[in-house]
Amino acid sequence: MYTVQLSKLIEKMNLENVTPDIDIRHIKLCQPDVNRPALQLAGFFDYFDSERVQVIGHVEYAYMQKMEKDHGHGIMSRLMDYKVPCIVFCRNIEVTPELIQMATEKGVPILRTGKTTSSFMAEVIRWLNVELAPRISIHGVLVDVYGEGILIMGESGIGKSEAALELIKRGHRLVTDDVVEIKKVSDDTLIGTAPDITRHFIELRGIGIIDVKTLFGVESVKNTQSIDLVIKLEEWNKDQEYDRLGLEEQYTEFLGNKVVCHSIPIRPGRNLAIICESAAVNYRQKKMGYNAAQELYNRVTNNLMKKAKQEEE
């Protein structure tokens, strides 16, 4: 299970910590969802997920205001006894000194933001889904080509980094070389990033390590990119049959998500950068509803039917 520090959430969402005496360095978040404790304020704690961030909005605060003071404090005390990671008050709602003292004694941080409850929850859930997403690391190169994330894979030394360098020279952007960290942020989306230690570097055999950002400028690099297409480079094998039409898509799988995959045989003289560009444009064209292979198939079929009709006449 992956976790994220509460301090990182505070920094990312620009939250005000109204309980500064609590040491938050050991508090970690492990649930991507948040909870508005409406039922809990009414006293119903069955199936309560105490590991979620608790969000107090205008409705919850108005309900608390109508409670008798002792009863309201008792409910909040019971909520904090579950050791929730934090309680966030939205719309800059004022937090009473009694509640701050109670939270400090129980070690539950109280945070505050000026954002509306719905927009804050949506932003936090989106961010936590990315931070806590399942992930793997693979060997490959990830490049942004015409807005499509192209993951180039293949055996060591086959020419992945050289292809990426040529793509960078042609105006495309490097995400990561050698190691690609893949996060599954949804059932449809995989996001690729670079490890911090190797970000913006490329290894070229015979030359060594080069800093792409320094050599080619900030427009030549990118920190994250969705993985839309996989290109597998492999040595040419004359005995193997290669797809020459592309009528049926081939797929590879990462973390349960399928990604379109092309196997490209490598021979001297083949320009890998142009092949990657063409694959990216062709994939984009298919997403827009046009399939060149299907169009050729339809033309051939129509031509054969026309000839057969003419012979019958």
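What comes next concerns the included structure.

Examining the overall build of the chain
- For the chain, the count of helices and strands is 10 helices and 19 strands.
- Against the 2.2 N^0.38 benchmark of 20 Å for 313 residues, the chain shows a C-alpha radius of gyration of 27 Å, more extended than a compact globule.
- Seen through its C-alpha atoms, the chain measures out along the principal axes to roughly 90 × 65 × 30 Å.
- Counting only contacts in the chain whose residues sit at least 6 apart along the sequence, the fraction spanning at least 24 positions is 68%.
- Per element, the accessible surface of the chain, about 18,000 Å² overall, is 48% carbon and sulfur.

Digging into the packing of helix H7 (residues 160–169) against helix H9 (residues 272–287)
- As a packed pair, H7 and H9 sit with axes 8 Å apart at the nearest point and diverge in direction by 70 degrees. The orientation of H7 with respect to H9, classified from their angle, is roughly perpendicular. In contact with Ala163, Glu166 and Leu167 of H7, H9 contributes Leu272, Ala273, Cys276 and Glu277.

As for the layout of surface pockets
- The computed volume of the second largest pocket comes to approximately 280 Å³.
- In terms of lining residues, the second largest pocket is bounded by 15 residues, among which Met64, Gln65, Lys69, His73 and Thr96 are the most central.
- Only helix H3 (58–66), helix H4 (69–81) and helix H5 (97–106) provide two or more residues apiece to the lining of the second largest pocket.
- Element by element, the count of residues in the lining of the second largest pocket is highest for H4, at 4 residues.
- For the lining of the second largest pocket, a count of residues per class yields 7 nonpolar, 4 polar and 4 charged.

Overview of the packing of helix H1 (residues 6–13) against helix H6 (residues 117–131)
- Between H1 and H6, whose axes approach to 12 Å, the crossing angle comes to 130 degrees. Regarding the angle of H1 to H6, the classification is oblique. For the pair H1 and H6, the crossing hand works out as right-handed. Counted together, Lys8, Leu9, Lys12 and Met13 of H1 and Phe120, Glu123, Val124, Trp127 and Glu131 of H6 form the full contact between these two elements.
- Here the contact of H1 with H6 is composed, by residue class, of 5 nonpolar, no polar and 4 charged.

Digging into the packing of aromatic side chains
- Counted under the stated rule, the structure contains 3 aromatic pairs.
- When the centroid spacing of 5.2 Å and the interplanar angle of 0 degrees are considered together, the rings of Phe45 and Tyr82 count as stacked. With Phe45 in the loop between helix H2 (38–41) and strand E5 (53–56) and Tyr82 in the loop between H4 and strand E6 (87–89), the pair connects residues that are 37 residues apart, well separated along the chain.
- Under the relative-accessibility criterion, Phe45 is labelled buried at 6%.
- Overall, Tyr82 belongs to the partly exposed group, its relative accessible area being 33%.
- Cluster of aromatic residues (ring-pair linked, three or more members): Phe45, Phe48 and Tyr82.
- Across the ring face of Tyr2, the terminal group of Arg135 is positioned such that the distance to the ring centre comes to 4.3 Å.

Overview of the side chain of Asp177
- Along the chain, Asp177 falls in the loop between strand E11 (173–176) and strand E12 (179–184).
- One buried charge, Asp177, has no salt-bridge partner; the nearest side chain with opposite charge is Lys160, at 7.3 Å.
- For Asp177, the side chain forms a polar contact with the side chain of Ser161, separated by 2.7 Å.
- With sequence-adjacent residues up to four places away left out, Asp177 is seen in contact with Gly140, Val141, Ser161, Phe201, Ile202 and Glu203.

How each quantity is defined
Residues numbered from 1 in each chain as written. Predicted model: local features only at pLDDT ≥ 70, side-chain atom pairs only at ≥ 80, totals over all residues. Heavy atoms only, no water. Helix = DSSP H or I, 4+ residues; strand = E, 2+ residues; numbered from the N terminus. Rg over C-alpha atoms; globule rule 2.2 N^0.38 Å. Contact = heavy atoms within 4.5 Å. Areas by Shrake-Rupley, 256 points an atom, 1.4 Å probe, with all protein chains shown as cover. Axes fitted to C-alpha atoms, helices over the stretch in contact; angles between N-to-C directions. Parallel < 35°, antiparallel > 145°, perpendicular 65-115°, else oblique. 1 Å grid on protein atoms, 1.4 Å probe; cavity = no way out; pocket = protein on both sides within 12 Å on 5 of 7 lines; lining within 4 Å. Points joined across faces, edges and corners; volume = space filled by probe spheres on them. Nonpolar A, V, L, I, M, F, W, Y, C, P; charged D, E, K, R; others polar. Left-handed = near helix turned anticlockwise from the far one by under 90°. Phe/Tyr/Trp six-rings, centres within 6.5 Å; stacked < 30°, edge-to-face > 60°. Buried < 20%, exposed > 50% of the residue type's maximum accessible area, 1.4 Å probe, protein only. Lys NZ or Arg CZ within 6 Å of the ring centre and 35° of its normal. Lys, Arg positive; Asp, Glu negative; His and termini not counted. Salt bridge = Lys/Arg side-chain N within 4 Å of Asp/Glu carboxyl O. Polar contact = N/O pair within 3.5 Å; in protein donor to acceptor, adjacent residues only side chain to side chain.

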